[in-house]
Amino acid sequence: MPGVSDPEMEQLVNEKVDGFWKGIEGGMNKHGQIIVTFSEKRPKKSWFQVYMGEEDVPWEQWVINAELRQPKSDRDRQAFNKTLAATLTKSVQTMLTHTSSERGRTTVPLITNASGISPFPVKMIVKIGGMEVGA
């Protein structure tokens with residue numbers, strides 16, 4: 001799969017995935033979420049239109065639900081793998097359809113800073129059983 005290497009982004013993803021696994025392995029709850037939020041920096045103003053610095057304003061959020069399962073038999077494992085493949089394929093198709101649509105393209109703010117792999121602030125949160133872990 002084509003991509004661009006960015007050590008900072010790779011480190012962020014690895015830290016969050018590690019936090020997810022540690023949270024899943026260490027507790028009774030075997031499902032959780034990884035939430036990825038893209039935002040843009042906008043001037044923050046007070047009631048009297050006085051500039052108060054910048055704030056992150058989210059414009060897109062992806063919620064990745066995950067569940068750890070241990071298939072009991074080879075047949076269960078094959079069924080699970082088939083379901084997982086179909087789910088991942090559907091998810092990728094949904095993302096591609098959305099991001100390539102006119103509506104998806106107009107959602108993305110103008111790029112004003114082209115430094116790094118993403119010109120927009122990216123925030124990742126890991127939740128296990130509704131509780132944030134690895135913050």
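For the structure, check the block above.
Notes on the structure follow. (Residues numbered from 1 in each chain as written. Predicted model: local features only at pLDDT ≥ 70, side-chain atom pairs only at ≥ 80, totals over all residues. Heavy atoms only, no water.)

**What to know about the overall build of the protein chain**
Alright, step 1. A count of helices and strands for the protein chain gives three helices and four strands.
Alright, step 2. The order of α-helices and β-strands along the protein chain, N terminus first, is α-β-β-α-α-β-β.
Alright, step 3. Here the protein chain, with 135 residues, has 18% of them falling under the buried criterion.
Alright, step 4. Sequence-distant contacts, at least 24 apart, represent 60% of the contacts inside the protein chain between residues at least 6 apart.
Alright, step 5. Accessible area of the protein chain: about 10700 Å², with a carbon and sulfur share of 57%. (Helix = DSSP H or I, 4+ residues; strand = E, 2+ residues; numbered from the N terminus. Buried < 20%, exposed > 50% of the residue type's maximum accessible area, 1.4 Å probe, protein only. Contact = heavy atoms within 4.5 Å. Areas by Shrake-Rupley, 256 points an atom, 1.4 Å probe, with all protein chains shown as cover.)

**What to know about the environment of Val122**
Alright, step 1. The topology assignment puts Val122 in strand β3 (residues 122-128).
Alright, step 2. It is 4.8 Å that separates the C-alpha atoms of Val122 and Phe38, two residues lying 84 residues apart in sequence.
Alright, step 3. Each residue touching Val122, except ones within four places of it in the same chain, is listed here: Met9, Leu12, Val36, Thr37 and Phe38.

**Considering a nonpolar patch on the surface**
Alright, step 1. A contiguous nonpolar patch, built from Trp47, Phe48, Val50 and Met52 and spanning about 610 Å² of accessible area, is present on the exposed surface.
Alright, step 2. For Met52, a relative accessible area of 53% puts it in the exposed group. (Patch = residues over 30% accessible without salt bridge, like charges linked within 9 Å, V, L, I, M, F, W, Y side chains within 5 Å. Salt bridge = Lys/Arg side-chain N within 4 Å of Asp/Glu carboxyl O.)

**Observations concerning the environment of Ile35**
Alright, step 1. Here Ile35 is to be found in strand β1 (residues 31-45).
Alright, step 2. Each C-alpha atom of the pair Ile35 and Gln61 lies 7.0 Å from the other, and the pair is 26 residues apart in sequence.
Alright, step 3. Leave out the neighbours within four places in its chain, and Ile35 touches Gln61, Trp62, Val63, Lys123, Met124, Ile125 and Lys127.

**Section: the packing of aromatic side chains**
Alright, step 1. Evaluated as defined, the whole model comprises two aromatic pairs.
Alright, step 2. Ring geometry for Phe20 versus Trp21: centroids 6.1 Å apart, planes at 75 degrees, classification edge-to-face.
Alright, step 3. Its relative accessible area of 7% is what places Phe20 among the buried residues.
Alright, step 4. With relative accessibility at 38%, the residue Trp21 sits in the partly exposed group.
Alright, step 5. Each ring, one from Phe38 and one from Trp59, has its centre 5.9 Å from the other, and the planes form 35 degrees; the classification is tilted. Of the two residues, Phe38 is situated in strand β1 and Trp59 in strand β2 (residues 51-67); the sequence distance between them amounts to 21 residues.
Alright, step 6. Assessed through its relative accessible area of 19%, Trp59 is described here as buried. (Phe/Tyr/Trp six-rings, centres within 6.5 Å; stacked < 30°, edge-to-face > 60°.)

**Focus on the side chain of Glu40**
Alright, step 1. Position of Glu40 among the secondary structure elements: in strand β1.
Alright, step 2. Polar side-chain contacts of Glu40 include one of 2.9 Å to the side chain of Arg42.
Alright, step 3. With sequence-adjacent residues up to four places away left out, Glu40 is seen in contact with Glu55, Asp56, Val57, Trp59, Pro109, Phe120 and Pro121. (Polar contact = N/O pair within 3.5 Å; in protein donor to acceptor, adjacent residues only side chain to side chain.)

**Some points on the side chain of Lys16**
Alright, step 1. Of note, Lys16 is situated in helix α1 (residues 7-26).
Alright, step 2. Despite its burial, Lys16 remains without a salt bridge, the nearest opposite charge being carried by Glu132 at 5.5 Å.
Alright, step 3. Beyond its immediate sequence surroundings of up to four residues, Lys16 is in contact with Met124, Val126 and Gly134. (Lys, Arg positive; Asp, Glu negative; His and termini not counted.)

**A look at the nonpolar core**
Alright, step 1. By size, the foremost hydrophobic cluster in this structure holds seven residues: Phe20, Ile24, Ile34, Val36, Met124, Val126 and Ile128.
Alright, step 2. Sorting the residues of this core by element identifies α1, β1 and β3 as the ones contributing at least two each.
Alright, step 3. It is β3 that provides the largest number of residues to this core, a total of three residues.
Alright, step 4. Apart from residues lying up to four places away in sequence, Val36 is in contact with Glu60, Gln61, Trp62, Ile64, Val122, Lys123 and Met124. (Core = buried A, V, L, I, M, F, W, Y, C linked by side-chain atoms within 4.5 Å.)

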